[in-house]
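Tertiary structure, described
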Amino acid sequence: MRNERKNAVRQAIVDTASRLFYKQGYGNTGINQIIEESGVVKSSLYTSFRSKEDILMAYLETSGAATDEALKSAAYKFTDPKERVLGVFDYLVDLVQEKEYYGCNFLNIISEIPKEDERIRKQIKKQKNGVRRLFAEILEPVGKADMADDIYTLFEGALIANKVHDEVWPVKSARSMAEKLLDKK
C-alpha cells in the first residue's frame, strides 16, 4: 500500500509538472506551483524527486514514450513505406491544429535550457534519434534508409516553422516535400 501511495504522489507530480512545463514553459514553472497544483506536500515532492530537473527528466521520459508510440501508431496504420512516412506527417498536420497544442515538448524545452545542460540535452537527443530511427526503419525495406535524415530534417523543420508561424502550412509543405523526395529515388 505504501508503494502505491508513493507511486500515486509521484504520478501526480509528473502529471502536474508535465501540464505546466508544456503550457507555460520550464523556466516559468516553479516548484511551489507544482506542489500547489498537484496537491502534494513539499516533503513528498522531495522524497520522489531531488530537484526540479529530476521532474523535468521524468516529463521528458514520459512524453518521449508517448510521442514515440503516437508516431509509430500513425506510421504503422499503413503497409507501404511511403504511406508510412506520409502517415507520420499526416499525424503532425492533425496534431498542430489541436487547440491545446503549444509546440513540440522537446524543442520547447531545449530552447530554454543552457547548452551546457548535457543531461537534459542527452534525453532530448535520445527522443529525437528515436524519430530518426523510425524513419530509417520504415525506409530500410525499400532501400531508402539513407533518406531517413532528410525526412527527419523536414519533420523537425515543420515543427519549428509551425511554432514560429502558428499555422499548419509548414507541416503540409514538409509533407509535400517528403512525398516528392520519396518519389524521386
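Residues numbered from 1 in each chain as written. Predicted model: local features only at pLDDT ≥ 70, side-chain atom pairs only at ≥ 80, totals over all residues. Heavy atoms only, no water.

Concerning helix α2 (residues 31–38)
- Ile 31, Ile 34, Ile 35 and Ser 38 are the residues of α2 that are buried. Down the axis of α2, the buried side of the element spans an arc of 100 degrees, and every buried residue falls inside it. Among the exposed residues of α2, those oriented more than 90 degrees off its buried face are Asn 32 and Glu 36. (Buried < 20%, exposed > 50% of the residue type's maximum accessible area, 1.4 Å probe, protein only. Helix = DSSP H or I, 4+ residues; strand = E, 2+ residues; numbered from the N terminus. Arc of directions from axis to C-beta.)

Overview of the side chain of Arg 84
- Among the structural elements, Arg 84 can be located in helix α5 (residues 81–96).
- One buried charged residue, Arg 84, forms no salt bridge at all, with the nearest opposite charge on Glu 137 at 6.6 Å.
- Each residue touching Arg 84, except ones within four places of it in the same chain, is listed here: Ala 75, Tyr 76, Phe 78, Thr 79 and Ile 138. (Lys, Arg positive; Asp, Glu negative; His and termini not counted. Salt bridge = Lys/Arg side-chain N within 4 Å of Asp/Glu carboxyl O. Contact = heavy atoms within 4.5 Å.)

Details of the packing of helix α4 (residues 52–75) against α5
- Here α4 crosses α5 at 125 degrees, and the two axes come no closer than 7 Å. In terms of orientation, α4 and α5 fall into the oblique class. As for the relative orientation of α4 and α5, their crossing is right-handed in sense. Across from Ala 70, Leu 71, Ala 74 and Ala 75 in α4, the residues of α5 making contact are Arg 84, Gly 87, Val 88 and Tyr 91. (Axes fitted to C-alpha atoms, helices over the stretch in contact; angles between N-to-C directions. Parallel < 35°, antiparallel > 145°, perpendicular 65-115°, else oblique. Left-handed = near helix turned anticlockwise from the far one by under 90°.)

Quick look at the UniProt feature "DNA-binding region" (unreviewed entry) in the chain
- The UniProt record annotates "DNA-binding region" (unreviewed entry) at residues 30–49.
- For the annotated span residues 30–49, helix accounts for 75% and strand for 0% of the residues, and the straight-line distance between the end C-alpha atoms is 14 Å. (UniProt positions renumbered as here; feature names shortened; annotations may be inferred.)

Comments concerning the nonpolar core
- Ranked by size, the top nonpolar core spans 55 residues in total, and within it Ile 55, Phe 89, Ile 109, Phe 135 and Phe 155 carry the most contacts.
- Listing elements by their share of this core, those giving two or more residues are α1 (2–24), α2, α4, α5, α6 (105–110), α7 (118–139), α8 (148–165) and α9 (169–184).
- If sequence neighbours within four positions are ignored, Ile 55 has contacts with Ile 13, Ala 17, Phe 21, Ile 31, Ile 34, Leu 45 and Phe 49. (Core = buried A, V, L, I, M, F, W, Y, C linked by side-chain atoms within 4.5 Å.)

So, the UniProt feature "domain: HTH tetR-type" (unreviewed entry) in the chain
- As annotated by UniProt and renumbered to match this structure, "domain: HTH tetR-type" (unreviewed entry) occupies residues 7–67.
- Helix and strand shares over residues 7–67 are 80% and 0% respectively, and the end C-alpha atoms of the span are 22 Å apart.

Regarding the packing of aromatic side chains
- With the rule as written, the count across this model stands at six aromatic pairs.
- Judged by centre distance (5.6 Å) and plane angle (70 degrees), the ring pair of Phe 21 and Tyr 59 falls under edge-to-face. Of the two residues, Phe 21 is situated in helix α1 and Tyr 59 in helix α4; the sequence distance between them amounts to 38 residues.
- With centroids separated by 6.1 Å and ring planes inclined at 80 degrees, the aromatic side chains of Phe 89 and Phe 155 adopt a geometry described as edge-to-face. (Phe/Tyr/Trp six-rings, centres within 6.5 Å; stacked < 30°, edge-to-face > 60°.)

Details of the pattern of salt bridges
- This structure, assessed with the given rule, holds eleven salt bridges.
- The salt bridge partner of Arg 50 is Asp 54, with a shortest N-O separation of 3.4 Å.
- The exposure class assigned to Asp 54 is buried, which follows from its relative accessible area of 11%.
- Notably, a salt bridge pairs Lys 82 with Asp 183, separated by 2.7 Å at the nearest N-O pair. In this pair, Lys 82 sits in helix α5 while Asp 183 sits in helix α9, placing the two residues 101 residues apart along the sequence.

Description of the packing of α4 against α7
- The geometry of α4 relative to α7 is characterised by a closest axis approach of 10 Å and an angle of 10 degrees between their N-to-C directions. Regarding the angle of α4 to α7, the classification is roughly parallel. Counted together, Glu 53, Asp 54, Leu 56, Met 57, Leu 60, Glu 61, Gly 64, Thr 67, Asp 68, Leu 71, Lys 72 and Ala 75 of α4 and Arg 119, Ile 120, Gln 123, Ile 124, Gln 127, Val 131, Leu 134 and Ile 138 of α7 form the full contact between these two elements.
- Considering only residue class, the contact of α4 with α7 consists of ten nonpolar, four polar and six charged. (Nonpolar A, V, L, I, M, F, W, Y, C, P; charged D, E, K, R; others polar.)

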